[in-house]
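Summary of structural features
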Amino acid sequence: MYFAGVDIGSTMTKVVIMDEDEEVCSRIVGTTGAEHRRLANKVMEEALKQANLPFNEISYVVATGYGRVNVPFADRQITELSCHTKGVSALFPNVRIAIDIGGQDAKGMKIINGNLVDFVMNDKCAAGTGRFLEVISDALGIKVEDLGSISLRSTNKVKISSVCTIFAQQEVVSYLSEGTPLEDIVAGLHDAIAGRVVRMVKRLKIEPDVVLTGGGANNIGVVKAVRENIGCEVLVPEDPLLSGALGAAILGKETVLKALAKGEPVPKKERRLEEATFFT
Amino acid sequence: MSVVEGTKGLSRVKELYQDRPHRVKELKAEGRKVIGYLCIYPVLEMMTALDLVPYRLFGDMREPITKADACLPPMVCPFLRSSLDLALKDKYPFLDGMVLAHICDVGERMAHIWRTYKEYPYFYFMDVPHTVHKAALEMFKEEIKGFQKSLESFTGKELSSERLKQAIGVHNDQRTLVRELYDLRKPDPPLITGTEVLQVMVALASIPVEEGNDLLREVINEIKQREEKPQKQAVRLLVWGSIIDDVSLIETIENVGANVVMDDICVGTRSHWPKVELTPDPLDGIANRYLEGIKCPRTFREAALDQGGKNYMANLENRFGYLKDYIKGWNVNGVILQSVRYCDTHGYEVPAVRDYLKSLGLPSIYLEHDYSQSSLAPLKTRVQAFLEVLG
């Protein structure tokens, strides 16, 4: 049996296909973007190709992420909070706090014995999310993926006093005009985003193990700043973008096994591998 | 949308929900005087007894706030901003008067601003104490006397104790009927959805009390007889917090897979649970009902020292003990705490309520929204995740 998890985030679409031993046979990351949002099926098709499987071989498909609604090829929708919890717990069984810094939201999850017990979320304001870094790297004229390595050269990071993306951008421009070295500005930005996220997650009472996922975890500068702001080790999975999709696939497997164990039919929908419609 | 003559029960509720002022406009045309009020502290019994029609003002979360921003800062209660916005946009041409009260600090300041911008033949501002000590009750009784005098001089009629007692009786009848309606939420699945109950509550705030009582009787009969029932869901929720006057939040919650079976909001139990005790001087019963009876966090009630006032848990019990009855009586297994953004009154209460619920072993989630339709969509993921946690 094979199980697929599809995580349609605001910025990236991720697909994981695994077999019943939770052996991952395909992992694909594609951009979601405004144009391609409904084309999540393309990413799914790519993943099937990589796994060399036809679609009907997949026993169960769980969709998650903010685009989880109305995915015609999914059997079930589960929130990203439950899926991240599952995925992160599979990789780090001792996790107590999982932090996900995504493209347009940031969330913190309190996990006890692999179960989600509480969570916090910022999904209305760009501050503290990947969007913040995208906007500001644009203002600085550098690529967002270069921010991490640039920030590591910093010796005297600046203080960004505003948590608002728009105002922070103005601050950045004024630092530039003062001749502040780029790396110090970038390090300051990482500190600002990390500070914002950590303050939010502190409501859950932070305790180790702490795991950081999402696009933010791909930025070494953000990881370092989160560590400094929390004051303890922060673990990062090998592929931080995939924990939601991974968790979705595992939850799909659990759904099927539970139904089989009870001798009940697997709760399924009629699936079509076609374009997704959003927010009907 | 117009109200079709002769519709009854839930259809009438839906019509009134869509077109709230419809009935009071008719009454106005018949020569009755309509008095607008905000919040649940203005004494309804006195207005009813003097043949006035009290009409509760709400905001409109589907209408962007444009005019109120010129006179209220954007970082105060969006519900009150919206309410004032509607007044500034002349949505209440049928009002003969207005009663505002010191409900919370923003409510108080806004009352004076309202009065500056909008003139009505009658205006009264009620001073409502924020504690329930004996002195506060005495002061509040004086305040109610002042309210009575001002109403008497506005109507040119004297309010007899007899007439007031009658009005108390009719309003208490409504409170009894609302409890009967809420009893229909006790079965699993409930016989009536949370969305429908809220629509009934909004309708009641839009018509005279006697008509409201007839409407309640019709609705209760209709619900008892109808065959279709709300779908049974895994979770039975209580919704706590600041005002909800639009069904969209409750609908969002019910659509992701829960039954909303109980509430602690002021378009619900808070406004209808407590009754006025018939005291020799009716003003005592009224003062007690409105100040002590209404359980809104705008009033602070600390346990007395001899009741363990210094003990946190004793204090929580004193402040939120009533929630235990709601939770047991309606078999609630999860609580959604919600508040409009910038509401100090509810915001400060949240950690304490959550502690109390935790002591009862009840999971809860806190949601903040800015009293607009668009702010509700992102809450869906949180509600759904909360239900998955309970799942």
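Here the structure is a predicted model, which is why all the values come from computation and not from measurement.

All names here are of chain B. Domain boundaries in chain B define domain 1 (16-159) and domain 2 (164-390). The C-alpha-based centres of domain 1 and domain 2 are spaced at 22 Å. Across the boundary between the two partners, domain 1 contributes 40 residues, which contact 44 residues of domain 2. By residue number, the principal contributor to the side of domain 1 that touches domain 2 is helix H6 (residues 134-155), which donates 6 residues. For the side of domain 1 that touches domain 2, the per-class residue count stands at 28 nonpolar, 5 polar and 7 charged.

We now examine the sheet that holds strand E8 (residues 364-369) of chain B. Residue and element names in this part refer to chain B. Strand order in this open sheet of 4 strands is E6-E5-E7-E8, and the pairing throughout is parallel. The strands lining the two open edges of the sheet, one partner per strand, are strand E6 (259-264) and E8. Sheet twist, expressed as the mean angle between neighbouring strand axes with direction ignored, is 25 degrees. Of the pairings in the sheet, the one linking strand E7 (residues 334-340) to E8 comprises 6 bridges and is parallel in character. In the sheet register, Gln 338 faces E8, and the bridge partner there is Leu 367.

We now examine the interface of chain A and chain B. In this assembly, 11 residues from chain A lie in contact with 7 residues from chain B. Of all elements in the fold, only helix H2 (80-91) and strand E8 (115-122) of chain A reach the threshold of two or more residues within the side of chain A that touches chain B. Per-element tally for the side of chain A that touches chain B: the top contributor is E8(A), with 4 residues. Broken down by class, the residue content of the side of chain A that touches chain B amounts to 7 nonpolar, 2 polar and 2 charged.

Counting residues in hydrophobic clusters, the biggest one holds 162 residues, and the most contacted among them are A:Val226 and B:Leu237. If you tally residues by element for this core, the top one is helix H6 (residues 182-201) of chain A, at 10 residues. When sequence neighbours within four positions are dropped, the list of residues in contact with A:Val226 reads A:Ile99, A:Ala194, A:Val197, A:Val198, A:Leu212 and A:Val234. Core analysis: the next-biggest nonpolar cluster, separate from the first, contains 36 residues, A:Ala51, A:Val61, A:Ala74 and A:Ala245 among them.

Another point: the packing of helix H8 (residues 194-204) of chain B against helix H10 (residues 248-255) of chain B. Residue and element names in this part refer to chain B. Where H8 contacts H10, the axes come no closer than 9 Å and their chain directions differ by 165 degrees. It follows that H8 is roughly antiparallel to H10 by the angle criterion. Crossing handedness for the pair H8 and H10: right-handed. Along its contact with H8, which presents Gly 194, Thr 195 and Leu 198, the element H10 presents Ile 250, Glu 251 and Glu 254. Tallied by class, the residues present in the contact of H8 with H10 amount to 2 nonpolar, 2 polar and 2 charged.

This brings us to the packing of H2(A) against helix H8 (residues 243-262) of chain A. Residues and elements named next belong to chain A. Running from N to C, H2 and H8 cross one another at 90 degrees; their axes reach a closest spacing of 7 Å. Our classification of the angle between H2 and H8 gives roughly perpendicular. The segment H2 lies against H8, with Glu 80, Ser 82, Cys 83, His 84, Thr 85, Lys 86, Gly 87, Val 88, Ala 90 and Leu 91 engaging Ser 243, Gly 244, Leu 246, Gly 247, Ala 248, Ile 250 and Leu 251.

Before going further, it helps to examine the domain arrangement of chain A. Residues and elements named next belong to chain A. Entries for chain A in the domain assignment read domain 1 (2-84 + 242-262) and domain 2 (93-235). Using C-alpha coordinates to define each centre, domain 1 is positioned 27 Å away from domain 2. Facing the 8 residues of domain 1 at the interface are 12 residues of domain 2. In terms of residue count, the dominant contributor to the side of domain 1 that touches domain 2 is H2 (3 residues). Grouping the amino acids of the side of domain 1 that touches domain 2 by side-chain chemistry returns 2 nonpolar, 6 polar and no charged.

Residue and element names in this part refer to chain A. Overall, mixed pairing links the 5 strands, which are arranged E8-E7-E6-E9-E10 in an open sheet. The open sheet has two free edges, formed respectively by E8 and strand E10 (234-235), since each of these has just one partner strand. As judged from the 4 bridges shared by strand E6 (residues 97-101) and strand E9 (residues 210-213), these two strands associate in the parallel manner. When the sheet's bridge partners are listed, Ala 98 is paired in E9 with Val 211.

Calculation rules
- Residues numbered from 1 in each chain as written.
- Chains lettered and ligands numbered in written order.
- Predicted model: local features only at pLDDT ≥ 70, side-chain atom pairs only at ≥ 80, totals over all residues.
- Domains from an automatic or database assignment.
- Contact = placed C-beta atoms within 7 Å.
- Helix = DSSP H or I, 4+ residues; strand = E, 2+ residues; numbered from the N terminus.
- Nonpolar A, V, L, I, M, F, W, Y, C, P; charged D, E, K, R; others polar.
- Pairing = 2+ DSSP bridges.
- Axes fitted to C-alpha atoms, helices over the stretch in contact; angles between N-to-C directions.
- Core = buried A, V, L, I, M, F, W, Y, C linked by C-beta atoms within 7 Å.
- Buried ≥ 20, exposed ≤ 12 C-beta atoms within 10 Å, placed from the backbone.
- Parallel < 35°, antiparallel > 145°, perpendicular 65-115°, else oblique.
- Left-handed = near helix turned anticlockwise from the far one by under 90°.

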